[in-house]
Amino acid sequence: MTVPLGGALLAGAAVTALIIVLLVAVAAVHLVRSRRAERDELRKRRLMPLVHAVLDDDPVDSIPLPDVLAAPAELDAIVLDLLPQLRGSDRETLRGLLAERGVVARAVTDLTARRSWRRGRAVSLLGSAAGTHHVAAMAALLADRSLEVRCAAARALGKAGDPGAVGHLLHATAGERALPKGVVGMALLDLGTTVLPVLRDALTDEQGTARGLVAELLGVHGDPSAAPALEDLVRDAGEDLGVRRSAAVALGRIGSPTSTEPLVAALTNSTDPRLQRTAAEALGRIGDPTATVPLLAGLADDDIAVRAACADALAALGAEGRASLEEVADGPGAAAPVARAALDELDGPVRRPQQAGAA
Amino acid sequence: MSEVFTDIVLGASWTVLGYTLLMDTIMFTLVLLGARRVAEARHWKGAEGHGEIFASPLTPAVSLLIPAHDEEAGILDTLRAALGQRYPSLEVVLVDDGSTDRTFELVAERYRLTEINPRRTASLPVNGEILSVHRATTGDPLVVIRKSSVGQKSDALNAALNHARHPLVCMLDADSLLEEDALLRVARPFVEDPDNVIAAGGVIRAANGALTDRGTVVEPRLSRNWLVRIQAVEYLRSFLLGRTGWADANALLIISGAFGLFRRDLVVEIGGLDHRSLGEDADLVVSMLAHQQRAGAPHRVVFVPEPVCWTEVPETLRVLGRQRRRWSHGLAQLLWKHRRMIGNPRFGAVGTMALPFFLVFELLGPVVEIFGLASVALAAGLGILDLGIAAVMVGLALAVGTLLSTTAIAVEVLTYRRYRRGRDLLALVMAAVVENVGYRQVHAWFRLRGLMAALARRKPVWTAMPRVGFSGDPAPAERLVPLG
């Protein structure tokens, strides 16, 4: 037998053996998992009354503490599933239960585990179950080598609800191990309105990415105190376009008529269609009729998306905007189709296209 | 002379065998990379924060774009699944691309469509004529565009893009069913990393044979049709492992046209989908990557290794042949169009790894495979083939091919376990073996013909495959019907 033939035979045998091992493993796992799923379901059904009893604060003699502490690990999974759905004393009761059963202590130990998913799951658990304890340890994981763990740490800090975490989270948007903006944004939103003063300060103090994010969040909160600073950002032609767009969106959400002037300026003077579109959308949200004339001018913009946004904004301005749109819609100009489409949105399709294939 | 000829024939046979083994080795490496990633992802199950993303005001709205040509068999199920997505803000833009069946009538009746003035948000070139635009009066966020067909799916998608309103666009085939939280899962990378992510896709599986109910896959089952079973294994291997592996290497080229999510502004910026391309999904991703790279802008293409979409696959060889010829033709167009990126380190792993792999093993693979079969047959005919050696080598190549598929099936069982019935798993394993004998060679022939069509610069035409649909009878008592 030649050497290549012998090698091929050997390799073929090895590959075939590997296939057989895989198949046996597949069959075994299929069998084991099917049985385990049934067993877990049964256990869950048995443990649920125990959880309900704990939540109902039944007399201690009906649910002896040792029983709760000695219950199988599935109880922790049930409690952790329930926790995000509960508030107030029920939530605190279950948090206490997890602490009593040593779940929180084990998670703290796992924060330094070698495997990233264990660190990630540990910090997630602490965010849900440990309240504002361990915030420093959780914040330390914002600089973890694994991106998934960093994201999990940010989410956990949001859930933990300690306003002191804002600084950690905002700083985590920059640097070598920067966190994605959206993850930080959701965590900051989770912290609620108590962090608004810190966010307002950050609007001027932080760097580009964080500033844009903060502008967006202040808009989501609809914080009127932030409007003047946001208006300055929209006006500032030297500012990053992304930040200006975020500020424009925020002003639309806040809805103060004082913001009409900088938004009209952005719509009229900017050369960036995305900023123009955002400004038009914000003007529509604010609904200030004094924006009618610039929005009408926007119907003739070169960019089709800007034209559509201006038409929608006019439709949102009430009677004055509607009258203007109707005038344009009945006219012969290039803006007429856009105006008709916006009116369709407003009242349903009462105006037929003037020509088939008008798209 | 005859000795030289013999040497050439034998040399060719060995070259082909070496090529096959090399390709299988690379595939196996990708499979292992993907398996590692999938296993890792499973550890995070439950901690991904899908609920938070659903509730977050930062989650961007999505326009679901569905091009449809003669899709009466399944269009209502597809729309039900699309409109029933658990997602905070979405619209569905359906393009009836010159259907000659009752596609439009069914949708018009079900959603009580009414004609509206078109509201365009982009000016991408559309070759077909826009006949009318409609919207649902049932309260569903559905817009339907009727246009004349020019035989290009990309044309239908560009028409949809011109009417899409939202910052993210999801392209969905009209023969596909989405899982309830498909959008949520695939949009997650955009929510978390809005500055960098430009495209994302998820795992697509064969729907034929599954139990469906009003647009929902109630229980994934395997069809009795062996052609479908083999494709089910192909999809498992390709989506569960192959693409996950490429994404892990930061070199993912293809987000499937059956279900993919993209940043709308960027798609519009590059001029929409290429009318001339038959592989418009891959072409879109590569064009976006090239555009961002040239602009020095950040870009990440993400693959979410979770089953999110179920699609109807061909049930006959004739339809399969047409589909695979089109894919091969599209790949050839893609590689020719982006030839300057091939091997170019400026484009990172996409330029140095993915594109060369697709050129050498995907596009030229069928040439080598058919040439190899021919050379083996010739050698046997000339009596110069050592049957013992040939049998061992062919056996080795088949074993490696089977190992690839078996690994994919094993990962499925160890992680997602969508196929619960033991007999389905057994059928999958058998299909993994059968695939290598006959199917693989016929498949190579289809792909070769696609390549030849591209070389002959034949005009690409999109013809939708005949559909069976997802539910045979809308009568409530008969809704749970297996297909295929």
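Residues numbered from 1 in each chain as written. Chains lettered and ligands numbered in written order. Predicted model: local features only at pLDDT ≥ 70, side-chain atom pairs only at ≥ 80, totals over all residues.

The UniProt entry for chain B carries this comment under Sequence similarities (unreviewed entry): "Belongs to the glycosyltransferase 2 family." (UniProt positions renumbered as here; feature names shortened; annotations may be inferred.)

The name an unreviewed UniProt entry assigns to chain A is HEAT repeat, from the organism Blastococcus aurantiacus.

Caption draft 1: Up close: the UniProt feature "transmembrane region" (unreviewed entry) in chain A. Here the UniProt feature "transmembrane region" (unreviewed entry) sits at residues 6–32 of chain A. For residues 6–32 of chain A, the end-to-end C-alpha separation is 39 Å, with 100% helix and 0% strand making up the annotated structure. (Helix = DSSP H or I, 4+ residues; strand = E, 2+ residues; numbered from the N terminus.)

Caption draft 2: Main features of helix 12 (residues 365–382) of chain B. Residue and element names in this part refer to chain B. Taking 1.5 Å of rise per residue, the 18 residues of helix 12 would be expected to cover 26 Å, and the 25 Å separating its terminal C-alpha atoms lies within 8% of that figure. Taken as a whole, helix 12 has its buried residues at Gly 365, Pro 366, Glu 369, Gly 372, Ser 375 and Val 376. Phi turns positive, to about 75 degrees, at Gly 383, one or two residues after helix 12. (Expected span 1.5 Å × (residues − 1). Buried ≥ 20, exposed ≤ 12 C-beta atoms within 10 Å, placed from the backbone.)

Caption draft 3: Structural view of the packing of helix 10 (residues 317–337) of chain B against helix 14 (residues 422–455) of chain B. All names here are of chain B. Packing of helix 10 against helix 14 brings their axes to within 7 Å, and their N-to-C directions diverge by 45 degrees. Viewed along their axes, helix 10 and helix 14 adopt a mutual orientation that is oblique. Note on packing geometry: the crossing formed by helix 10 with helix 14 is right-handed. When helix 10 is examined against helix 14, the residues Gly 321, Arg 324, Arg 325, Arg 326, Trp 327, Ser 328, His 329, Ala 332 and Gln 333 are found in contact with a partner set consisting of His 443, Phe 446, Arg 447, Arg 449, Gly 450, Leu 451, Ala 453 and Ala 454. Of the residues that constitute the contact of helix 10 with helix 14, the class distribution is six nonpolar, six polar and five charged. (Axes fitted to C-alpha atoms, helices over the stretch in contact; angles between N-to-C directions. Parallel < 35°, antiparallel > 145°, perpendicular 65-115°, else oblique. Left-handed = near helix turned anticlockwise from the far one by under 90°. Contact = placed C-beta atoms within 7 Å. Nonpolar A, V, L, I, M, F, W, Y, C, P; charged D, E, K, R; others polar.)

Caption draft 4: Looking closely at the environment of A:Gly219. Take A:Gly219: it is sitting in helix 12 (residues 208–221). It is 5.8 Å that separates the C-alpha atoms of A:Gly219 and A:Ile254, two residues lying 35 residues apart in sequence.

Caption draft 5: Up close: the environment of A:Ala154. Residue and element names in this part refer to chain A. Inspection of the secondary structure puts Ala 154 in helix 8 (residues 147–160). By the C-beta count within 10 Å, which is 32 here, Ala 154 ends up buried. Leave out the neighbours within four places in its chain, and Ala 154 touches Leu 142, Leu 169, Ala 172, Leu 179, Val 183, Val 184 and Ala 187.

Caption draft 6: Looking closely at the pairing of strand 8 (residues 197–206) of chain B. Residue and element names in this part refer to chain B. Burial within strand 8 is extensive, with 10 of its 10 residues counted as buried. With nine bridges joining them, strand 8 and strand 12 (residues 300–311) adopt parallel strand pairing. Along strand 12, the bridge assignment pairs Arg 205 with Trp 310. (Pairing = 2+ DSSP bridges.)

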